[in-house]
Amino acid sequence: MLAPQLAAVFTKLQTLSTSDHASVVSMNIFVALLCACIVIGHLLEENRWMNESITALIIGLFTGFIILLISGGKSSHLLVFSEDLFFIYLLPPIIFNAGFQVKKKQFFRNFMTIMLFGAVGTLISCTVISLGVINFFKEMDIDSLDIGDFLAIGAMFAATDSVCTLQVLSQDETPLLYSLVFGESVVNDATSVVLFNAIQSFDLTNTNPKIALEFFGNFLYLFLASTVLGVVVGLVSAYIIKKLYFGRHSTDREFALMMLMAYLSYIMAELFYLSGILTVFFCGIVMSHYTWHNVTESSRVTTKHAFATLSFVAETFIFLYVGMDALDIEKWKFVNDSPGTSVAVSAVLIGLVMAGRAAFVFPLSFLSNLAKKSASEKISLREQVIIWWAGLMRGAVSMALAYNQFTRAGHTEVRGNAIMITSTISVVLFSTMVFGLMTKPLIRLVLPHPKATSSMLSDQSTPKSLEAPFLGSGQDSFDDSFVGVHRPDSIRALLTTPAHTVHYYWLRPKYTLPVRSQCDNYVHNLMPSPL
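Keep in mind the model is a prediction, meaning the values are calculated, not measured.

**Student:** Explain the overall build of the protein chain here, please?
**Tutor:** Scanning the protein chain from terminus to terminus reveals 21 helices and 0 strands. Buried residues in the protein chain amount to 52% of all 531 residues. Counted over contacts in the protein chain with a minimum sequence separation of 6, partners at least 24 positions apart contribute 82%. For the protein chain, the exposed surface amounts to about 25300 Å²; the carbon and sulfur share of it is 67%.

**Student:** For this particular structure, what's the right way to read helix 10 (residues 251-271)?
**Tutor:** Spacing of three or four residues puts side chains on the same side of an α-helix, whose turn is 3.6 residues. Compared with an ideal rise of 1.5 Å per residue, which puts 21 residues at 30 Å, helix 10 spans 30 Å between its outermost C-alpha atoms and is within 8% of the ideal. For helix 10, the set of buried residues is Glu254, Phe255, Met258, Met261, Ala262, Ser265, Tyr266 and Ala269. Looking straight down helix 10, one finds its buried side chains confined to an arc of 135°; they lie on one side. Across from the buried face of helix 10, at angles greater than 90 degrees, the exposed residues are Asp252, Leu260 and Leu271. Buried residues belonging to helix 10 abut helix 3 (83-101), helix 9 (209-244), helix 11 (276-289) and helix 12 (297-325). Of the residues flanking the end of helix 10, it is Tyr273, one or two places downstream, whose phi is positive at about 60°.

**Student:** Just checking my understanding: could you explain the side chain of Gln384 for this structure?
**Tutor:** Its location among the elements puts Gln384 in helix 15 (residues 381-390). For Gln384, a relative accessible area of 8% gives the class buried.

**Student:** Whenever I open this one, the packing of aromatic side chains confuses me. Can you help?
**Tutor:** Two descriptors summarise a pair of aromatic rings, namely the distance from one centre to the other and the angle between the planes of the rings. This model, assessed by the stated rule, comprises 22 aromatic pairs. Summarising the aromatic geometry, the rings of Tyr178 and Phe182 are spaced 5.6 Å apart at their centres and angled 25° between planes, so their arrangement reads as stacked. Taken together, the residues Tyr178 and Phe182, both in helix 8 (residues 175-201) and 4 residues apart, mark about one turn of the helix. Over the ring of Trp292 we find Arg300; its NZ or CZ atom is 5.4 Å from the centre of that ring.

**Student:** Is there a simple way to think about the nonpolar core in this case?
**Tutor:** Soluble globular proteins: nonpolar side chains tend toward being buried together. In this structure, Phe137, Ile153, Phe281 and Leu349 are the most contacted members of the largest nonpolar core, which totals 130 residues. Of the residues forming this core, the biggest block, 14 residues, is contributed by helix 8. Those residues in contact with Ile153, other than ones at most four positions away along the chain, are Ile129, Val133, Phe137, Leu349, Phe406 and Met420.

**Student:** How should the environment of Ile147 be read in this particular structure?
**Tutor:** With respect to the helices, strands and loops of the structure, Ile147 is situated in helix 6 (residues 147-157). When its relative accessible area of 39% is taken as the criterion, Ile147 is described as partly exposed. Separated by 13 residues in sequence, Ile147 and Ile134 place their C-alpha atoms 7.9 Å apart.

**Student:** I would appreciate a short explanation of a nonpolar patch on the surface in the present structure.
**Tutor:** On the surface, a cluster of nonpolar side chains totalling about 550 Å² of accessible area is made up of Phe62, Phe65, Ile66, Leu69 and Ile70. Mapped onto the elements, Phe62 comes out in helix 2 (residues 52-70). Look at Phe62 and you get exposed, because its relative accessible area is 55%.

**Student:** Quick question: what am I supposed to make of unusual backbone geometry here?
**Tutor:** For Tyr273, which is not a glycine, the phi torsion comes out positive at approximately 60°. With respect to the element layout, Tyr273 can be found in the loop between helix 10 and helix 11.

The rules we used
- Residues numbered from 1 in each chain as written.
- Predicted model: local features only at pLDDT ≥ 70, side-chain atom pairs only at ≥ 80, totals over all residues.
- Heavy atoms only, no water.
- Helix = DSSP H or I, 4+ residues; strand = E, 2+ residues; numbered from the N terminus.
- Buried < 20%, exposed > 50% of the residue type's maximum accessible area, 1.4 Å probe, protein only.
- Contact = heavy atoms within 4.5 Å.
- Areas by Shrake-Rupley, 256 points an atom, 1.4 Å probe, with all protein chains shown as cover.
- Expected span 1.5 Å × (residues − 1).
- Arc of directions from axis to C-beta.
- Phe/Tyr/Trp six-rings, centres within 6.5 Å; stacked < 30°, edge-to-face > 60°.
- Lys NZ or Arg CZ within 6 Å of the ring centre and 35° of its normal.
- Core = buried A, V, L, I, M, F, W, Y, C linked by side-chain atoms within 4.5 Å.
- Patch = residues over 30% accessible without salt bridge, like charges linked within 9 Å, V, L, I, M, F, W, Y side chains within 5 Å.
- Salt bridge = Lys/Arg side-chain N within 4 Å of Asp/Glu carboxyl O.

As structure tokens, then:
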């Protein structure tokens, strides 16, 4: 009686063992490919056309093609694209490091323009793309798509690829363009995800002004609440490290607390159905300005390089991942009978992406220039062209939203949904390869000699010095007259010099740093000398 049951158990164990071994083999190959991307990216560092994201994408495509041949056309990837893996594990370190390393003076100097592009511009782009697909797709042989799908497509393709933007623009060579395009892309991604979630949660069969107002109110709440949550978590981390002084015993605890609280901000945002992207971005900004200055010198070096390394590996992983998944045979087999339709849908989407971005970049730049008095602060027409072009790239956010809308657990059996998935893959590949490759040469052509401004010279790499004002005017760092952070004597003092006096509550005074340095030296002297 027990023999058949035991045999069945052993068979299941063997199957599990084979499956586990296959997973180990896949992970080995994937990690080896990551190493190859890093080595090849380093060799192509000086190339004016290539960058690491495009290198990883090409390697992913090539590897997917090899796997497709070896498997006899059954599969092209080692790992199945998962939106949970992307949004929960890969995107947070990228966005956090962007906020942690961003040049805050440039970012907050152009804050209103960035918000205008990122929030209002995304709404305009989403509207243009949604109206376009409603009109064009009716003429094509695409079934099973409703008004909710059309609006979701608008939100999907309104999302600029912030990861690729980091690769093609230089924060040192073109600080204004980098600040505008990257800041806008982060807010843009957050706005697109909020829009996408709102579209899925609302009943769009019966639209009326009340629903439109509720939609706008919900969007505004998510936007503001996400930002506030990120700022609060960043300030809490600064206060805890300031009061408890972990550096007396272990610098590892300082770094661990910073990393975990940064990730906690993202998870808390997802827990409360807010935008994790906005939350972790502003948490990174606050941590770089307050928390980073309360840790020991060794922890400052560790955190700066560790966060940058995590972000770099996640970026490479994403593009390698996307490249391999692009040749997934399961999705392409549904469009074999009508390849022309898939090509036409991709072409229409690329055209609408370009039109949707142009519809807000140039008008909103004009409005932004009206509010600026200095001619040097205005966005020139040449810079507007670069901003328009550099924001045309679509990436993993668009793919993740497409998988969420048109697949179930990464699979689809509906022809219309398969066409949308393959078209999204085509748009991502085309925009990254073509627009991404052309961005650097276009900048050199349109802006051959970007002039060095005072902000470029004074705004050094962040995180910055202890006394740097968060939103203050002037230089990014104080001079010696501001040594030590003083307690405000009155409400009037707090209101007249808020950027200086508010530091009292979040920053450790500078006079304590030599004491800490002596402690570090004392511990170092107790360490045995290496043999």
